[in-house]
Amino acid sequence: MAAPNPSTDPNTNIPEYEYADANSNIFHIGSFRNEWLNRLKPSNYSYEQEDEDTFDANFAAEMGISAETLSDLKSICSPDSLRCHAEDQQPDTEVVPPDSTLRTLEQRKKRQDYRASLKVSKNRHDLYADELERLTVGRKPEAMVDMVPEGEVILTINVYYSVTFENFSTARPHVTLLMTGSHSLAELRDAICCVSDLQVCGEFSHTPDMAPEFISKDLYKSAFFFFEGVFYIDMRYPECQDISMTVIEWAKSHGFPPYSQAKMEDTRFAGLKVKVGFPYLYCHQGDCEHLVIITDVRLTHANDCLDKKLYPLLTHKHRVTTQKCAVCHVYIGRWLTTNDQFAASDPCLFCDKCFRMLHYDAEGNKIGDFMAYPYVDRGAFN
Amino acid sequence: MDFCKKHVKSDCVELLSRFQGSESVRFQVFSKIWREMEFSQIFYGTVNHREQREFCRLILDTAYTFFLPPYSFQIRVGGLYLLHSLYQCQITSPREQIRLALKDWEDVMKLEKDAVNAQHHDAVYILRQLMLHKAFSFTAMPTMLSFKKKRNVKSLELCEEFMERPSRPQELINIELLEELSNIDELYGKLKTSVSSESEPAYSSINLIRKDLVPQLRSTVVDFYKWQQRKSGPDEDGNGDSGEGMSSQQECSRRAQLLASIKSKAYGEATEASKSRRHRQVEVDFTSNVAGPSHSLRYSRTNKLSLKARTCENVHISGDLWKEAGETTRIKCLTTVDFASKVHSGKQNPVKRFKW
């Protein structure tokens, strides 16, 4: 359905580079999975660890070698043969070994010396780097029903900030999500959090308590993904509109190749034809456009998070600097005021507490003349 | 992590070039070099867990490239050992996996088959052990891709010294050389006859060179190739060369192609003479008495190469030849150095030399 150029090549589902180190050619995710499963033995991708002794016996039988040869082989190939230090002394893996001949280590030493000379030792990315991983790595579900099946595909999806500038490739991904092949695009949409979904439109200086009830996500539910010439639109709710139609019609009238449509909620990743590494589009709230890149497609591994309930799984979140309240400089700004006689600037940001203390009396009545708009910071999800 | 890419690669290359120097595919030899270089230490001293993980990813991806063609069998086995050792020695937990791309699966299976046939038990054992311990992650592409376009693609650089050498005799005595030889022979014969009296063309004192030089040279190369094929058969054991000949399908087919072209061209009719010599050929045409290319159908060929390709080829040939014959065309030779390897060894892609 989504193939603009249906290829006659039988191996079209084996991904190759389209542009080296940039993106792959187009392939069908479900067929890609089957290609792998056809090549592998179930034991290759099973979560169970095969018994070592059985392995040895099979190996000896297959290669036609004696038990003695096998034990020689095992001792030669044992991990101990790679040890670079004496058996009784454990090296300190925290420090860069001095006097190493390896260039990587020479460089690492230099870099570490440089970093030590800096005043700031850790930045916010380092501080929270392990936080997400600690929650999920190697998690097994409590019930077998929630187990991600063996041989399922896992996609790594980068979602970038809504961008209006061209050079997105220098931007950090906003979030990185892991999803399985059985997930639908609608589930991906729900997993993407963007502050523009939380914006509240309107002026609430008279009724500040009412504000949180009108967030954009509930008002404007339409959204679409654009993958390989197909718009996948969200039609789950009656309020949803087909916001891709304008683009399709415009493209038609300007002599572009025809684009088709499909429903987001009916499309599973396994049925999708995509290029790995290629930038696609997610558009919501009318014009909030995010780049979406599928950076990786692979089979599940025993070390992955195997609890279905934890997917879509967040593996990376960019921590943006937040804009603080102009009064206390502690809390994140939640109100933006204009024409405000109390404010130092116009517009001015306030946290909820400072805003109310400054602009309302004890009974909650508005003091003075100003306009107040709810403000959602970009770092609201940090 | 990009900052240390170059250094990681150079460390891997250093390890593998020592391994190459040992002329062995034994894991014992590899682990000895590993210990000598204290390669396990490469994981030590990263700032935090995330950096450790990223570094693991980088070095495994780097090592992975050596595990695949176009590198020689020995380097690929070295690459396998390197992957195994890195996987075993990494200090991240859980371990970072080796990414195996679907398109590379056939190559891995081929390598395994070659190793089994050549009875390299250690290589097979280590590959199977990696499989057993689920060290591989079965992926779509060898690395994560995020459309990072670079102006100068560095990672494409291959280490030339690790690639299997196309056999020197075939490389040296190729079709162009044979053609040139026969042309010179003709010219020389013509010159000699013009010097001596016209009445006795077969005068013995000027017939010093064997007339069948070119075909004989050709058949010697063919014989050598056949011998080489026999020698690198699967039944041979031990010394590290076995399996190499058959390890790379491309190599075999390249040699076969080369030979086929030698055969067909040496006796073939439609030989295009090099541009630099056409002016001479007009005069030697009718006295041609050597079993070389005949020029009667010279203009019958329709699918000519582009002008640029032909120029490169021809200019190079004359340069190569005249380097030995005389001083006159030296400058031409210098200007075509870049094309030399490309034209001669018939490689599809121009290979940049690895820079330290």
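- By the naming in an unreviewed UniProt entry, chain B is Small nuclear RNA activating complex, polypeptide 1b, taken from Zoarces viviparus.

- Looking at an unreviewed UniProt entry, chain A carries the name snRNA-activating protein complex subunit 3, with the source organism given as Zoarces viviparus.
- Entered under Sequence similarities (unreviewed entry) in the UniProt record, the comment concerning chain A runs "Belongs to the SNAPC3/SRD2 family."
- If you open the UniProt record of chain A and go to Subunit (unreviewed entry), you find "Part of the SNAPc complex composed of 5 subunits: SNAPC1, SNAPC2, SNAPC3, SNAPC4 and SNAPC5. SNAPC3 interacts with SNAPC1."

1. Section: the overall build of chain B
Okay, step 1: Of the regular secondary structure elements, chain B holds 15 helices and two strands.
Okay, step 2: For chain B, buried positions account for 49% of its 356 residues.
Okay, step 3: Roughly 17,500 Å² of accessible area belongs to chain B as shown, and the carbon and sulfur atoms make up 56% of that amount.

2. Let's talk about the side chain of Asp377(A)
All names here are of chain A.
Okay, step 1: Mapped onto the secondary structure, Asp 377 falls in the segment after strand E15 (371-374).
Okay, step 2: For Asp 377, the side chain forms a polar contact with the main-chain nitrogen of Gln 323, separated by 3.0 Å.
Okay, step 3: Excluding anything up to four places from it in sequence, Asp 377 contacts Val 195, Thr 321, Thr 322, Gln 323 and Ile 332.

3. What to know about the environment of Arg111(A)
Okay, step 1: Relative to the helices and strands, Arg111(A) resides in helix H5 (residues 103-117).
Okay, step 2: The contact partners of Arg111(A), leaving out residues within four places of it in the chain, are Phe3(B) and Glu51(B).

4. Side note on a nonpolar patch on the surface
All names here are of chain A.
Okay, step 1: A contiguous nonpolar patch, built from Met 210, Phe 214, Leu 219 and Tyr 220 and spanning about 390 Å² of accessible area, is present on the exposed surface.
Okay, step 2: Within the secondary structure, Tyr 220 is located in the loop between helix H9 (216-219) and strand E6 (223-227).
Okay, step 3: For Tyr 220, a relative accessible area of 47% puts it in the partly exposed group.

5. Details of the interface of chain B and chain A
Okay, step 1: Facing 73 residues of chain B, the contacting portion of chain A comprises 81 residues.
Okay, step 2: Carbon and sulfur atoms make up 61% of the surface buried where chain B meets chain A, a total of about 6,800 Å² over both sides.
Okay, step 3: Our count for the contact surface shared by chain B and chain A stands at four salt bridges.
Okay, step 4: Ionic pairing is found between Arg99(B) and Asp296(A), a salt bridge with its closest N-O pair at 2.7 Å.
Okay, step 5: At the junction of chain B and chain A, the tally comes to 23 residue pairs in polar contact (both at pLDDT 80 or more).
Okay, step 6: Taken together, the elements giving at least two residues each to the side of chain B that touches chain A come down to helix H1 (5-21), helix H2 (27-37), helix H3 (49-66), helix H4 (73-89), strand E1 (98-101), helix H5 (105-117), helix H6 (121-132) and strand E2 (136-139) of chain B.
Okay, step 7: Of all the elements, H6(B) adds the most residues to the side of chain B that touches chain A, at nine residues.

6. Here's the deal with unusual backbone geometry
Okay, step 1: Between Asp346(A) and Pro347(A) the backbone carries a cis peptide bond, its omega angle lying at 0°.
Okay, step 2: Following Ser93(B), the chain continues into Pro94(B) via a peptide bond in cis, with omega recorded as -5°.
Okay, step 3: Summarising the element assignment, Pro94(B) is placed in the loop between H4 and E1.
Okay, step 4: Here the phi dihedral of Glu228(A) falls at roughly 45°; this positive angle occurs in a residue that is not glycine.
Okay, step 5: Take Glu228(A): it is sitting in the loop between E6 and strand E7 (230-233).
Okay, step 6: For Glu228(A), a relative accessible area of 12% puts it in the buried group.

Scoring rules and cut-offs
Residues numbered from 1 in each chain as written. Chains lettered and ligands numbered in written order. Predicted model: local features only at pLDDT ≥ 70, side-chain atom pairs only at ≥ 80, totals over all residues. Heavy atoms only, no water. UniProt positions renumbered as here; feature names shortened; annotations may be inferred. Helix = DSSP H or I, 4+ residues; strand = E, 2+ residues; numbered from the N terminus. Buried < 20%, exposed > 50% of the residue type's maximum accessible area, 1.4 Å probe, protein only. Areas by Shrake-Rupley, 256 points an atom, 1.4 Å probe, with all protein chains shown as cover. Polar contact = N/O pair within 3.5 Å; in protein donor to acceptor, adjacent residues only side chain to side chain. Contact = heavy atoms within 4.5 Å. Patch = residues over 30% accessible without salt bridge, like charges linked within 9 Å, V, L, I, M, F, W, Y side chains within 5 Å. Salt bridge = Lys/Arg side-chain N within 4 Å of Asp/Glu carboxyl O. Buried area = accessible area lost by both parts, 1.4 Å probe.

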